[in-house]
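Take a look at the letters that make up each chain.
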Amino acid sequence: RGPISGISEQVAERAEDLGALVGVLNGQINLAPSIAALNVSVSEAGDGVSATSAAIGNSLSAEITGAKGVELPALQGNLGDATATLNGSIEGATGTVSLTAAAIGNSASYDVSDLGEASLGAVRQANLGAASAKASELTVKGAQGAVSATAAAIGNSLSVVAAATR
(Lines give C-alpha, C1' and ligand atoms only; values in the text may rest on other atoms or scores of the structure.)
Protein backbone atom coordinates (compact mmCIF):
# COMPACT_ATOMS: atom_id res chain seq x y z
CA ARG A 1 0.00 0.00 0.00
CA GLY A 2 1.27 3.45 -0.83
CA PRO A 3 0.67 6.51 1.34
CA ILE A 4 -2.69 8.25 0.98
CA SER A 5 -2.35 11.98 0.41
CA GLY A 6 -3.47 14.09 3.39
CA ILE A 7 -4.11 11.13 5.68
CA SER A 8 -1.71 9.89 8.34
CA GLU A 9 -0.01 6.53 7.89
CA GLN A 10 -1.88 5.25 10.94
CA VAL A 11 -5.21 5.91 9.22
CA ALA A 12 -3.96 4.42 5.95
CA GLU A 13 -2.99 1.24 7.81
CA ARG A 14 -6.48 1.05 9.27
CA ALA A 15 -8.38 1.92 6.08
CA GLU A 16 -9.62 -1.65 5.75
CA ASP A 17 -10.96 -1.51 9.33
CA LEU A 18 -12.73 1.74 8.47
CA GLY A 19 -14.39 0.12 5.46
CA ALA A 20 -15.79 -2.59 7.71
CA LEU A 21 -17.07 0.01 10.18
CA VAL A 22 -18.86 2.16 7.63
CA GLY A 23 -21.19 -0.72 6.82
CA VAL A 24 -22.32 -0.79 10.46
CA LEU A 25 -21.99 2.81 11.65
CA ASN A 26 -23.54 5.99 10.31
CA GLY A 27 -22.96 8.30 13.26
CA GLN A 28 -19.68 9.52 14.69
CA ILE A 29 -16.41 8.26 13.23
CA ASN A 30 -13.08 9.46 14.58
CA LEU A 31 -9.87 8.71 12.68
CA ALA A 32 -7.38 10.90 14.52
CA PRO A 33 -5.57 10.39 17.82
CA SER A 34 -7.12 12.10 20.87
CA ILE A 35 -4.46 13.43 23.21
CA ALA A 36 -4.88 15.27 26.51
CA ALA A 37 -2.07 16.31 28.84
CA LEU A 38 -2.44 18.33 32.02
CA ASN A 39 0.30 19.56 34.33
CA VAL A 40 -1.29 21.21 37.36
CA SER A 41 0.27 23.08 40.26
CA VAL A 42 -1.92 24.40 43.08
CA SER A 43 -0.92 26.07 46.33
CA GLU A 44 -3.31 26.94 49.20
CA ALA A 45 -6.67 25.99 47.71
CA GLY A 46 -9.48 26.79 50.15
CA ASP A 47 -12.43 24.78 48.82
CA GLY A 48 -10.58 21.80 47.41
CA VAL A 49 -9.13 20.95 44.02
CA SER A 50 -10.45 19.01 41.02
CA ALA A 51 -8.36 18.48 37.86
CA THR A 52 -9.19 16.26 34.88
CA SER A 53 -7.25 15.40 31.74
CA ALA A 54 -9.63 13.73 29.24
CA ALA A 55 -8.95 12.43 25.72
CA ILE A 56 -12.14 11.25 23.97
CA GLY A 57 -12.52 10.01 20.38
CA ASN A 58 -16.34 10.32 20.16
CA SER A 59 -18.84 11.62 22.69
CA LEU A 60 -22.62 11.80 22.56
CA SER A 61 -24.81 13.13 25.36
CA ALA A 62 -28.56 13.55 24.97
CA GLU A 63 -31.46 14.46 27.23
CA ILE A 64 -34.76 13.38 25.73
CA THR A 65 -38.24 13.99 27.15
CA GLY A 66 -41.59 12.95 25.70
CA ALA A 67 -40.42 11.46 22.40
CA LYS A 68 -42.96 9.18 20.71
CA GLY A 69 -42.34 6.72 17.90
CA VAL A 70 -38.65 7.51 17.40
CA GLU A 71 -35.52 5.41 17.60
CA LEU A 72 -32.51 6.85 19.41
CA PRO A 73 -29.39 5.07 18.17
CA ALA A 74 -25.78 5.41 19.31
CA LEU A 75 -23.50 4.74 16.37
CA GLN A 76 -19.82 5.44 17.02
CA GLY A 77 -16.54 4.26 15.53
CA ASN A 78 -13.10 5.23 16.82
CA LEU A 79 -9.91 4.26 15.01
CA GLY A 80 -7.61 6.77 16.72
CA ASP A 81 -5.67 6.12 19.90
CA ALA A 82 -6.82 7.98 23.04
CA THR A 83 -4.07 9.06 25.46
CA ALA A 84 -4.52 11.08 28.65
CA THR A 85 -1.80 12.06 31.13
CA LEU A 86 -1.95 14.02 34.36
CA ASN A 87 0.99 15.31 36.40
CA GLY A 88 0.67 17.63 39.33
CA SER A 89 1.57 19.12 42.65
CA ILE A 90 -1.10 20.12 45.17
CA GLU A 91 -0.17 21.82 48.46
CA GLY A 92 -2.34 23.04 51.34
CA ALA A 93 -5.78 22.13 50.02
CA THR A 94 -8.34 22.39 52.82
CA GLY A 95 -11.07 20.47 50.97
CA THR A 96 -11.26 17.39 48.80
CA VAL A 97 -8.57 16.78 46.17
CA SER A 98 -9.68 14.82 43.07
CA LEU A 99 -7.29 14.16 40.16
CA THR A 100 -8.35 12.20 37.05
CA ALA A 101 -6.78 11.12 33.76
CA ALA A 102 -9.32 9.52 31.37
CA ALA A 103 -8.82 8.12 27.87
CA ILE A 104 -12.05 7.03 26.14
CA GLY A 105 -12.58 5.74 22.60
CA ASN A 106 -16.38 6.13 22.45
CA SER A 107 -18.86 7.48 24.98
CA ALA A 108 -22.66 7.70 24.73
CA SER A 109 -24.94 8.95 27.48
CA TYR A 110 -28.74 9.14 27.36
CA ASP A 111 -31.01 10.70 29.99
CA VAL A 112 -34.54 9.81 28.91
CA SER A 113 -37.97 10.32 30.47
CA ASP A 114 -41.58 9.81 29.41
CA LEU A 115 -40.65 8.13 26.13
CA GLY A 116 -44.00 6.60 25.34
CA GLU A 117 -43.39 4.29 22.37
CA ALA A 118 -39.83 5.39 21.64
CA SER A 119 -36.94 2.97 21.88
CA LEU A 120 -33.23 3.32 22.38
CA GLY A 121 -32.61 1.03 19.43
CA ALA A 122 -29.28 -0.58 18.64
CA VAL A 123 -26.23 0.81 20.35
CA ARG A 124 -23.14 0.20 18.24
CA GLN A 125 -19.73 1.27 19.42
CA ALA A 126 -16.52 0.06 17.81
CA ASN A 127 -13.18 1.12 19.25
CA LEU A 128 -10.16 -0.06 17.26
CA GLY A 129 -7.70 2.41 18.77
CA ALA A 130 -5.70 1.93 21.94
CA ALA A 131 -6.73 3.72 25.14
CA SER A 132 -4.04 4.77 27.61
CA ALA A 133 -4.40 6.86 30.77
CA LYS A 134 -1.63 7.76 33.18
CA ALA A 135 -1.65 9.78 36.38
CA SER A 136 1.93 10.00 37.56
CA GLU A 137 4.36 12.33 39.24
CA LEU A 138 1.55 13.42 41.57
CA THR A 139 2.45 15.11 44.85
CA VAL A 140 -0.14 16.08 47.46
CA LYS A 141 1.10 17.79 50.65
CA GLY A 142 -0.85 19.11 53.62
CA ALA A 143 -4.29 18.15 52.30
CA GLN A 144 -6.94 18.39 55.02
CA GLY A 145 -9.65 16.49 53.13
CA ALA A 146 -10.00 13.29 51.13
CA VAL A 147 -7.51 12.74 48.28
CA SER A 148 -8.23 10.61 45.19
CA ALA A 149 -6.33 9.98 41.96
CA THR A 150 -7.84 8.00 39.08
CA ALA A 151 -6.44 6.83 35.75
CA ALA A 152 -9.07 5.21 33.49
CA ALA A 153 -8.63 3.81 29.97
CA ILE A 154 -11.99 2.85 28.41
CA GLY A 155 -12.69 1.56 24.91
CA ASN A 156 -16.48 2.04 24.91
CA SER A 157 -18.81 3.55 27.49
CA LEU A 158 -22.62 3.63 27.52
CA SER A 159 -24.84 5.19 30.18
CA VAL A 160 -28.64 5.18 30.08
CA VAL A 161 -30.77 6.81 32.77
CA ALA A 162 -34.48 6.26 32.21
CA ALA A 163 -37.39 7.57 34.22
CA ALA A 164 -41.09 7.20 33.64
CA THR A 165 -43.10 10.28 34.53
CA ARG A 166 -46.86 10.41 34.61
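Residues numbered from 1 in each chain as written. Predicted model: local features only at pLDDT ≥ 70, side-chain atom pairs only at ≥ 80, totals over all residues. Heavy atoms only, no water.

Which parts of the structure should I look at to understand the overall build of the protein?
The helix and strand tally for the protein stands at two helices and nine strands. Traced from its N-terminal end to its C-terminal end, the protein shows the element sequence α-α-β-β-β-β-β-β-β-β-β. In the protein, buried positions account for 33% of the 166 residues. Long-range contacts, defined as pairs at least 24 residues apart, comprise 81% of the intrachain contacts of the protein with a sequence gap of at least 6. Carbon together with sulfur atoms contributes 49% to the accessible area of the protein, which is approximately 9100 Å² in total. (Helix = DSSP H or I, 4+ residues; strand = E, 2+ residues; numbered from the N terminus. Buried < 20%, exposed > 50% of the residue type's maximum accessible area, 1.4 Å probe, protein only. Contact = heavy atoms within 4.5 Å. Areas by Shrake-Rupley, 256 points an atom, 1.4 Å probe, with all protein chains shown as cover.)

Could you clarify how one ought to interpret the pairing of strand 6 (residues 97-113) in this entry?
Remember that side chains alternate between the two faces of the sheet whenever the strand is regular. Buried residues dominate strand 6, accounting for 14 of its 17 residues. Bridge count between strand 3 (residues 49-65) and strand 6: 16 bridges; the pairing is parallel. Its bridge partner being in strand 6, Ala-51 is matched across the sheet by Leu-99. As paired elements, strand 6 and strand 9 (residues 147-163) share 16 bridges and run parallel to each other. (Pairing = 2+ DSSP bridges.)

In this structure, what is going on with the sheet that holds strand 8 (residues 131-141)? I would like to understand it.
Consider a sheet: its strands pair through backbone hydrogen bonds, and that pairing is either parallel or antiparallel. Read from one edge to the other, the open sheet built from three strands follows the order 2-5-8, with strand pairing classed as parallel. Looking at the sheet topology across the chains shown, the edges are occupied by strand 2 (34-43) and strand 8. Adjacent strand axes in the sheet meet at a mean angle of 5°, parallel and antiparallel pairs treated alike. Note that strand 2 and strand 5 (residues 82-91) share 10 bridges and pair parallel. When the bridges of strand 5 are listed, Ser-43 appears paired with Glu-91. (Axes fitted to C-alpha atoms, helices over the stretch in contact; angles between N-to-C directions.)

How should I be thinking about the sheet that holds strand 3 in this particular structure?
Strand order in the open sheet formed by three strands is 3-6-9, with parallel pairing between adjacent strands. Because the sheet does not close on itself, it has two edges, and the strands there are strand 3 and strand 9. Pairs of neighbouring strands in the sheet enclose a mean axial angle of 0°, with direction left out of account.

Looking at this structure, how should I read unusual backbone geometry?
Excluding glycine, a negative phi dihedral is what most residues carry, and trans is how most peptide bonds are arranged. Within the chain, Glu-137 stands out as a residue other than glycine whose phi angle is a positive 50°. Counting through the fold element by element, Glu-137 comes out in strand 8.

Help me understand the nonpolar core, please; the structure alone is not making it clear to me.
Nonpolar side chains in soluble globular proteins tend to end up buried together. Core analysis: the biggest nonpolar cluster contains 16 residues, and Val-40, Val-42, Val-49, Ile-90, Ala-93 and Leu-99 have the highest contact counts within it. Elements with a minimum of two residues in this core: strand 2, strand 3, strand 5 and strand 6. (Core = buried A, V, L, I, M, F, W, Y, C linked by side-chain atoms within 4.5 Å.)

Sorry if this is basic, but what is going on with the side chain of Ser-107 here?
Its location among the elements puts Ser-107 in strand 6. Once you skip the residues sitting within four places of it in the chain, Ser-107 turns out to touch Asn-58, Ser-59, Leu-60, Gln-76, Gln-125 and Ser-157.

So what exactly am I meant to see when it comes to the environment of Asn-39 here?
Relative to the elements of secondary structure, Asn-39 occurs in strand 2. Counting along the chain gives 12 residues from Asn-39 to Ala-51, while the straight-line C-alpha distance between them is 9.4 Å. Reaching out from Asn-39, the side chain makes a polar contact with the side chain of Asn-87 at a distance of 3.0 Å. (Polar contact = N/O pair within 3.5 Å; in protein donor to acceptor, adjacent residues only side chain to side chain.)

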